[in-house]
Amino acid sequence: MSLTVTQLSGPGVPLFSPETILLRASSENFPVALRILRRETRAHLLAIYGFARLVDQIGDEAPGDRLPLLDWVEDDLERAFGGAPAHPLLQTLAPTIRALDLPRDPFLRLIDANRRDQVQSRYPTFADLVGYCRLSANPVGELVLHVFGVATPERVALSDAVCTALQLVEHWQDVGEDFLQGRVYLPEEDLERFGVTDEDLSAATASLPLRRLLAFEVERASALLDEGARLLALLDGRARLAIAGYIGGGRAAIDALSESDYAVLPVAPRPHALRRIRSIIHTLRSTS
């Protein structure tokens, strides 16, 4: 469906219902533990997830110049903080903002990540890519901590490590899909180091140089995820279960990549639901 500013604010707006969000979430890490949460907590998380999905949809799929649309969403976010947004998803988000006294900055960073996607398609260094993840992934983890009322500087820092790792794993899964969309998230310095070319990224199957590069990058993400997993020791109750869901889902994805020998082309291997559940249980037990 084409998106315009009028559609974003009008009755024809493309809208992810909570049911649609949960269905899409079944293959993603964000709300992997939603079903164990209280209804009110689940509603708050879905409101945040809906906003993130809307911004991503605009940044990835809207025809024409997407920057004015992202500007419109930022304006509507301000209206949400004031209590009267135009977009249905931000109308859903506004009560969550008020109830939890959520900060603006994480939402603004999610918009900025999609602005960056319009002007930057490659990242020279790993540090540059981590900087992008601070915009595209880390804000979601920070907002989740606010939902549970446990956001402190120490916990947010550990959550950032988790979210950056999860974003990196998603990039390594989607190498082929991203390349078709004109984006390469593998750092240019690492592509050169391992001798990986654009021909490797567009091939029908993953070459040996590409698989070696991905093994290197996945190990980086795994170490970062293990570092962030220390967050679980600072949490209890449903907050701990939810965060373990994200970490366990990430570890299951890493295992699937490793066991496939990083054969991510044409389609990356992804863990099935039972494997994610087992990984979550193992994560909880290993940090108890």
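Our structure's up above, just so we're on the same page.
Fair warning: this is a prediction, and the values are worked out from it, not measured in the lab. (Residues numbered from 1 in each chain as written. Predicted model: local features only at pLDDT ≥ 70, side-chain atom pairs only at ≥ 80, totals over all residues. Heavy atoms only, no water.)

### What about the overall build of the chain?
Working step 1: When helices and strands are counted, the chain shows 15 helices and zero strands.
Working step 2: In the chain, buried positions account for 52% of the 288 residues.
Working step 3: In the chain, 69% of the contacts between residues at least 6 apart in sequence involve partners at least 24 apart.
Working step 4: In the form shown here, the chain has an accessible surface area of approximately 13000 Å², with 52% of it arising from carbon and sulfur atoms. (Helix = DSSP H or I, 4+ residues; strand = E, 2+ residues; numbered from the N terminus. Buried < 20%, exposed > 50% of the residue type's maximum accessible area, 1.4 Å probe, protein only. Contact = heavy atoms within 4.5 Å. Areas by Shrake-Rupley, 256 points an atom, 1.4 Å probe, with all protein chains shown as cover.)

### Details of the nonpolar core
Working step 1: Phe-51, Leu-77, Phe-107, Leu-186 and Ile-243 are the most contacted members of the largest nonpolar core, which has 82 residues in total.
Working step 2: Ignoring anything within four residues of it in the chain, the contact list for Leu-77 reads Phe-51, Leu-90, Leu-93, Ile-97, Phe-107, Leu-108 and Ile-111. (Core = buried A, V, L, I, M, F, W, Y, C linked by side-chain atoms within 4.5 Å.)

### As for the packing of aromatic side chains
Working step 1: Following the criterion strictly, the structure yields six aromatic pairs and no others.
Working step 2: Taking 6.2 Å as the distance between ring centres and 75° as the angle between the ring planes, the aromatic pair formed by Phe-81 and Phe-107 counts as edge-to-face. A residue pair is termed long-range when its members are at least 10 positions apart, and Phe-81 in helix α4 (residues 67-82) and Phe-107 in helix α6 (residues 105-119) qualify at 26 residues. Considered together, Phe-81 and Phe-107 belong to a single accessibility category, that of buried residues.
Working step 3: Pairing Tyr-123 with Tyr-132 gives two aromatic rings, centres 5.4 Å apart and planes at 45°, and the pair type is tilted.
Working step 4: Since its relative accessible area comes to 1%, Tyr-123 is described here as buried.
Working step 5: Within the aromatic cluster, the residues linked to one another by ring pairs are Phe-51, Phe-81 and Phe-107.
Working step 6: Between the NZ or CZ atom of Arg-79 and the centre of the ring of Trp-72, over which it lies, the distance is 5.3 Å.
Working step 7: Its end group placed over the ring of Phe-126, Arg-220 keeps NZ or CZ at 3.9 Å from the ring centre. (Phe/Tyr/Trp six-rings, centres within 6.5 Å; stacked < 30°, edge-to-face > 60°. Lys NZ or Arg CZ within 6 Å of the ring centre and 35° of its normal.)

### Concerning the packing of helix α3 (residues 39-61) against α6
Working step 1: Running from amino to carboxyl end, α3 crosses α6 at an angle of 15°, the nearest separation of the two axes being 9 Å. Here α3 lies roughly parallel to α6, going by the angle between them. The way α3 lies across α6 gives a crossing that is right-handed. Of the residues in α6, those in contact with Phe-51, Ala-52, Val-55, Asp-56 and Gly-59 of α3 are Phe-107, Leu-110, Ile-111, Asn-114 and Gln-118.
Working step 2: A per-class count over the contact of α3 with α6 returns six nonpolar, three polar and one charged. (Axes fitted to C-alpha atoms, helices over the stretch in contact; angles between N-to-C directions. Parallel < 35°, antiparallel > 145°, perpendicular 65-115°, else oblique. Left-handed = near helix turned anticlockwise from the far one by under 90°. Nonpolar A, V, L, I, M, F, W, Y, C, P; charged D, E, K, R; others polar.)

### Observations regarding the pattern of salt bridges
Once their charged atoms are close, side chains differing in charge can pair, the charge on each being opposite to the other.
Working step 1: All told, the structure shown has 17 salt bridges when counted by the stated rule.
Working step 2: For the salt bridge of Arg-115 with Asp-71, the shortest nitrogen-to-oxygen distance reads 2.9 Å. Within this pair, whereas Arg-115 is found in helix α6, its partner Asp-71 is found in helix α4, the two being separated by 44 residues in sequence.
Working step 3: Under the relative-accessibility criterion, Arg-115 is labelled buried at 18%.
Working step 4: For Asp-76, the salt bridge goes to Arg-79, with nearest N and O atoms at 2.7 Å. Taken together, the positions of Asp-76 and Arg-79, both in helix α4 and three residues apart, correspond to about one turn of that helix.
Working step 5: In this structure Arg-79 comes out as partly exposed when scored by relative accessible area, which is 31%.
Working step 6: By sharing partners, the salt bridges in this structure join Asp-71, Glu-74, Asp-112 and Arg-115 into a single network. (Salt bridge = Lys/Arg side-chain N within 4 Å of Asp/Glu carboxyl O.)

### Examining unusual backbone geometry
Working step 1: In this model, Leu-265 is joined to Pro-266 through a cis peptide bond whose omega is 0°.
Working step 2: Within the secondary structure, Pro-266 is located in the loop between α14 (237-259) and α15 (273-286).
Working step 3: Within the chain, Asp-101 stands out as a residue other than glycine whose phi angle is a positive 50°.
Working step 4: Mapped onto the elements of the fold, Asp-101 is located in the loop between α5 (88-100) and α6.
Working step 5: For Tyr-262, which is not glycine, the phi dihedral falls at a positive 60°.
Working step 6: Looking at the secondary structure, you find Tyr-262 in the loop between α14 and α15.
Working step 7: Under the relative-accessibility criterion, Tyr-262 is labelled buried at 12%.

### Notes on α5
Working step 1: Taking 1.5 Å per residue as the helical rise, α5 with its 13 residues ought to reach 18 Å, and the 19 Å between its terminal C-alpha atoms agrees with that figure.
Working step 2: When α5 is considered as a whole, its buried residues turn out to be Leu-89, Leu-90, Leu-93, Ala-94, Thr-96 and Ile-97.
Working step 3: Where α5 is buried, its residues contact α3, α4 and α6.
Working step 4: Phi for Asp-101, located one or two positions after α5, is positive at around 50°. (Expected span 1.5 Å × (residues − 1).)

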